[in-house]
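# Close look at the chain arrangement
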Amino acid sequence: MTDFATRLVQFDASPNDRYRPSSSPIYQTSTFRLPGPLDYTRSGNPTRSLLETQLARLEGGACGLAFSSGMAAITAVCDLLASGDGLLASEDLYGGSHRLLSQLLTRRGVTVDFVDTSDLEAVAALLGEHHRLVLVETPSNPFQRISDLAALANLAHDVNAWLAVDNSFLSPYLQNPLALGADLVIQSGTKFLCGHSNVTAGGVVSRTAELGEKLAFIQNAIGNGLSPFESWLLLDGMKTLALRLDRQQESARWLASWLQRQPAVRRVYYPDLPEHPGRELHRRQARGSGAVISFELDSAARAQGVLDRTRRFACTVSFGAVHSSLEQPALMSHASVPEEASIRRLLTPRLLRMSVGIESLADLQEDLTRALRA
Ligand SMILES: *Cc1c(COP(=O)(O)O)cnc(C)c1O
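Position labels on residues start from 1 in each chain and follow its written sequence. In view of the model being predicted, local features appear only for residues whose pLDDT reaches at least 70, and side-chain atom pairs are presented and counted only at 80 or more, with totals across whole chains, interfaces and linings using the full set of residues. Computation of side-chain values covers all heavy atoms of the structure but excludes hydrogens and water.

### Here's the deal with the pairing of strand S7 (residues 202-206)
For S7, the buried fraction is high: 5 of the 5 residues fall into the buried class. When accessible area is computed with a 1.4 Å probe and restricted to protein chains, residues below 20% of their type maximum are described as buried, those above 50% as exposed, and intermediate ones as partly exposed. Secondary structure elements follow DSSP: runs of H or I no shorter than four residues count as helices, runs of E no shorter than two count as strands, and numbering proceeds from the N terminus. Residues Gly202, Val204 and Ser206 of S7 are buried on one face, and the alternating residues Gly203 and Val205, pointing to the opposite face, are buried as well. As defined by bridge partners, strand S1 (residues 63-67) adjoins S7 across 5 bridges and the pair is classed as antiparallel. Bridging from a neighbouring strand, leucine 65 pairs with valine 204 of S7. Across 5 bridges, strand S6 (residues 184-188) lies against S7 in antiparallel orientation. Bridge pairing links valine 185 to valine 205 in S7. Following DSSP output, two strands are said to pair if at least two bridges run between them.

Rendered as structure tokens:
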């Protein structure tokens with residue numbers, strides 16, 4: 001197979017188009033004349049199909065599907081479950097995923113267990129025959145815990161459950177969970193895939209065509225497929241994924257070890273650091289640590305001060321864009337984690353999460369030096 005960076009830009013952008021454009025046409029239509037191969041955009045649209053084929057190709061799966069958001073993608077995966085089924089999820093999960101599982105899915109009679117999935121013994125002790133789905137983030141968000149995907153796939157398959165991995169943190173460029181035994185990979189396309197803060201989108205890729213068919217049925221039945229225009233924007237943004245992430249990751253690695261040496265910084269969470277307990281495991285299952293760093297300051301006031309004083313890091317939720325950003329998980333990205341959740345007590349206002357963009361590293365470092373000053 002061709003290299004990832006080549007696959008990103010070399011694909012047939014316009015199948016069956018007699019003008020042979022280099023960029024894909026946007027099929028901005030809700031209906032198609034019958035008889036013909038397509039009837040209605042909710043059920044299928046050529047621009048979305050192109051994106052879906054590309055997603056599957058990049059993840060190495062049988063079937064790709066594009067949704068109106070990362071949450072819509074996760075919802076579609078959860079719709080594989082019925083009342084009485086169980087779901088086991090990483091406790092350190094994106095705030096919105098936590099809210100969806102604990103407050104909506106449980107209403108439908110699905111039982112949800114949260115556990116530290118980097119602890120295989122804890123997972124094995126909890127997994128039972130009623131579990132149909134294991135949902136994992138690795139590195140987790142925001143504490144960057146590393147879960148052993150191959151081992152989790154075995155544990156899940158032992159009880160006939162599917163393993164789904166939310167791969168938004170690394171993107172298919174840096175980690176391919178299907179190759180490690182996962183059944184489904186989920187992406188928030190809003191993050192690294194898009195990279196430009198101009199699309200809200202989600203993706204799911206399945207290892208087997210059979211599971212893909214189940215999800216395509218759900219996508220059509222619910223009507224949460226991505227629109228043609230957004231599909232086109234995402235497809236376009238994805239072309240520079242490797243280029244962007246190489247640069248972002250290089251700066252992030254440098255900043256992570258630099259942050260560690262700053263007196264006001266108590267702790268840095270980034271899997272590339274030698275002290276990280278999951279470093280070796282992460283190196284075995286991924287090709288890099290990405291461009292998101294979480295770090296704890298010596299006080300909440302300091303964290304607030306950094307947010308107030310920075311000029312180069314936009315205070316926004318989300319991550320993965322070409323521009324750098326900084327946020328406070330406890331009050332922003334993870335505000336929706338319920339009070340009673342086990343992970344809540346770790347989400348202090350001293351914690352910041354940084355997404356490193358493609359700006360000059362010197363400018364970023366200079367800005368942080370100033371912002372960290374009391
Ligand atoms: C942002 C995010 C989501 C949700 O994606 P949206 O596109 O915002 O709906 C899911 N999982 C992770 C890890 C995320 O960072």
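### Here we look at the packing of helix H10 (residues 241-260) against helix H13 (residues 361-372)
Orientation is described by lines fitted to C-alpha atoms, with helices fitted over the stretch in contact, and by angles between N-to-C directions that extend from 0 to 180 degrees. Running from N to C, H10 and H13 cross one another at 25°; their axes reach a closest spacing of 11 Å. If you check the angle between H10 and H13, you find them roughly parallel. In this structure, H10 meets H13 at a crossing whose hand is right-handed. Contacts between H10 and H13 involve Ser251, Trp254, Leu255, Trp258 and Leu259 from the first element and Leu361, Leu364, Gln365, Leu368, Thr369 and Leu372 from the second. Within the contact of H10 with H13, the residues separate by chemical class into 8 nonpolar, 3 polar and no charged. Each angle is binned into one of four classes, with values under 35 degrees roughly parallel, values over 145 roughly antiparallel, values of 65 to 115 roughly perpendicular, and all other values oblique. Here is the rule for handedness: rotate from the far helix to the near one, and if that takes an anticlockwise turn smaller than a right angle the crossing is left-handed, while a clockwise turn gives right-handed. Should any heavy atoms of two residues lie within 4.5 Å, those residues are counted as being in contact. Nonpolar residues are Ala, Val, Leu, Ile, Met, Phe, Trp, Tyr, Cys and Pro. Charged residues are Asp, Glu, Lys and Arg, and all others, Gly as well, are polar.

### Observations concerning the sheet that holds strand S11 (residues 325-327)
Here 5 strands make up an open sheet; going across it, the order is S8-S9-S12-S11-S10 and the pairing mixed. Every interior strand has two partners, whereas the edge strands, strand S8 (265-269) and strand S10 (314-315), have only one. The pairing of S11 with strand S12 (residues 351-355) spans 3 bridges and is antiparallel. Considered in S12, the bridge of leucine 326 is made with methionine 354. Packed onto the sheet, H10 meets S8, strand S9 (292-297) and S12 and runs at close to 10° relative to S9.

### Thoughts on the sheet that holds S7
Read from one edge of the open sheet, 7 strands run S1-S7-S6-S5-S4-S2-S3, paired in mixed fashion. Of all the strands in the sheet, just S1 and strand S3 (111-115) have a single pairing partner and so form its edges. With strand direction ignored, the average angle separating the axes of adjacent strands in the sheet is 20°. Two strands pair when backbone bridges link them, and strand S2 (residues 86-90) and S3 are joined in this way by 5 bridges, in the parallel orientation. By the bridge assignment for S3, glycine 86 is matched with threonine 111. Packing of helix H2 (residues 46-59) onto the sheet brings it into contact with S1, S6 and S7, and relative to S1 it is tilted by some 125°. On the sheet, helix H8 (residues 209-222) packs against S1, strand S5 (162-166), S6 and S7 and is oriented at approximately 20° with respect to S1.

### Digging into the site of the ligand
One heavy atom suffices: a residue is near a molecule or strand as soon as one of its heavy atoms comes within 4 Å of it. Around the ligand there are 14 residues in total, and Gly70, Met71, Asp166, Thr190 and Lys191 lie nearest to it. Lysine 191 has a polar side-chain atom sitting 2.6 Å from an oxygen atom of the ligand. Compared with its free state, where it exposes 380 Å², the ligand has 92% of that area covered by protein. Considering every element that reaches the shell around the ligand, the biggest residue donor is helix H3 (residues 70-78), with 3 residues. For the purposes of these results, a polar contact is taken to be a pair of N or O atoms within 3.5 Å, where, inside protein, one atom must be able to donate a hydrogen and its partner to accept one; residues adjacent in sequence count only when each atom of the pair is a side-chain atom. Only the protein chains shown count as covering a residue, and every accessible area follows the Shrake-Rupley method with a 1.4 Å probe.

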